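# Architecture at a glance
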Amino acid sequence: MESNMKLQKMIEDFFQEHENLKVCRNDFEQAFQILQECYSKNKKVLLCGNGGSAADSEHIVGELMKGFVKKRKLSADEQEALIRIDPDHGHYLAENLQGALPAISLTGHPSLSTAYSNDVAPDMIFAQQLYGYGLEGDTLIGLSTSGNSNNVINAVLVAKARGVKTIAFTGEQGGKLKDLCDVCLKVPSDETYRIQEFHLPLYHLLCLLLEESFF
């Protein structure tokens, strides 16, 4: 109960500070619930986007896969298992490993992406990876300022066929993604750089809430 109250206060404080993003609040809370459920079932998050949104995908992975504002120390049992395997080096591993929320950016595999783009179809580079990585109960986050990026849309369609939940980050219009995804966070701008500036505080808050939930 105390933890839930803290999470709710974090959300309240954020939207008081970022009044221009209040239009996203309901969708934001739905997105958080999807991600919280995903990780509570030991599933993973997959992410994709183009250009600045590709950088955002990698950024989110960086916040989820290691400590964000918390140290995320391993449990005593996890530390003991490492030390038992290698009494000398295990202490170093136990001291430096951090708790992780599994996340994979589909933008970070250039050999696979360029091969698939050259050999098959450029707009299928994320869809192919989603097909390979995605399992029922996972979540896909697709970032597209227009909401109409074909390679992101193709990944979403494959995700839906495989039982993967879908969250979109877009601009004000939402594009095609607003009707395809389980949740679409449509930030209040049609200007690409402004949309990306609005996306960052929203996904930072998601990462903070998830870290607070699981660590």
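A brief report on the enclosed structure follows. The structure presented is a predicted model; accordingly, all values stated were derived computationally and were not measured.

Reading the values: the criteria
Residues numbered from 1 in each chain as written. Predicted model: local features only at pLDDT ≥ 70, side-chain atom pairs only at ≥ 80, totals over all residues. Heavy atoms only, no water. Patch = residues over 30% accessible without salt bridge, like charges linked within 9 Å, V, L, I, M, F, W, Y side chains within 5 Å. Areas by Shrake-Rupley, 256 points an atom, 1.4 Å probe, with all protein chains shown as cover. Salt bridge = Lys/Arg side-chain N within 4 Å of Asp/Glu carboxyl O. Helix = DSSP H or I, 4+ residues; strand = E, 2+ residues; numbered from the N terminus. Buried < 20%, exposed > 50% of the residue type's maximum accessible area, 1.4 Å probe, protein only. Phe/Tyr/Trp six-rings, centres within 6.5 Å; stacked < 30°, edge-to-face > 60°. 1 Å grid on protein atoms, 1.4 Å probe; cavity = no way out; pocket = protein on both sides within 12 Å on 5 of 7 lines; lining within 4 Å. Points joined across faces, edges and corners; volume = space filled by probe spheres on them. Nonpolar A, V, L, I, M, F, W, Y, C, P; charged D, E, K, R; others polar.

## Remarks on a nonpolar patch on the surface
- Among the surface-exposed residues, Tyr92, Leu93 and Leu97 lie close enough to one another that they form a single nonpolar patch of about 280 Å² accessible area.
- Checked against the element boundaries, Leu97 lands in the loop between helix H5 (90-96) and strand E2 (103-105).
- Taking the relative accessible area as the measure of exposure, Leu97 reaches 42% and is therefore partly exposed.

## So, the packing of aromatic side chains
- Applying the stated criterion across every chain yields a total of three aromatic pairs.
- Aromatic pair Phe14 and Phe15: ring centres 4.9 Å apart, planes at 85°, arrangement edge-to-face. Like Phe15, Phe14 is buried.
- Judged by centre distance (6.2 Å) and plane angle (75°), the ring pair of Tyr39 and Phe214 falls under edge-to-face. Taken together, the positions of Tyr39 in helix H2 (residues 25-40) and Phe214 in helix H10 (residues 192-214) put the pair 175 residues apart, joining distant regions of the chain.
- By relative accessible area, Tyr39 is classed as buried at 6%.
- Classification of Phe214 as partly exposed rests on a relative accessible area of 31%.

## Topic: empty space enclosed by the protein
- Within this structure, the stated rule accounts for one cavity of 30 Å³ or more.
- Put simply, the largest cavity is a space of about 50 Å³.
- In terms of lining residues, the largest cavity is bounded by Leu35, Ile60, Leu64, Ile141, Phe169, Tyr203, Leu206, Cys207 and Leu210.
- Taken together, the elements giving at least two residues each to the lining of the largest cavity come down to helix H3 (52-64) and H10.
- Counting residues per element, the lining of the largest cavity draws most heavily on H10, which supplies four residues.
- Of the residues in the lining of the largest cavity, the class split is nine nonpolar, no polar and no charged.

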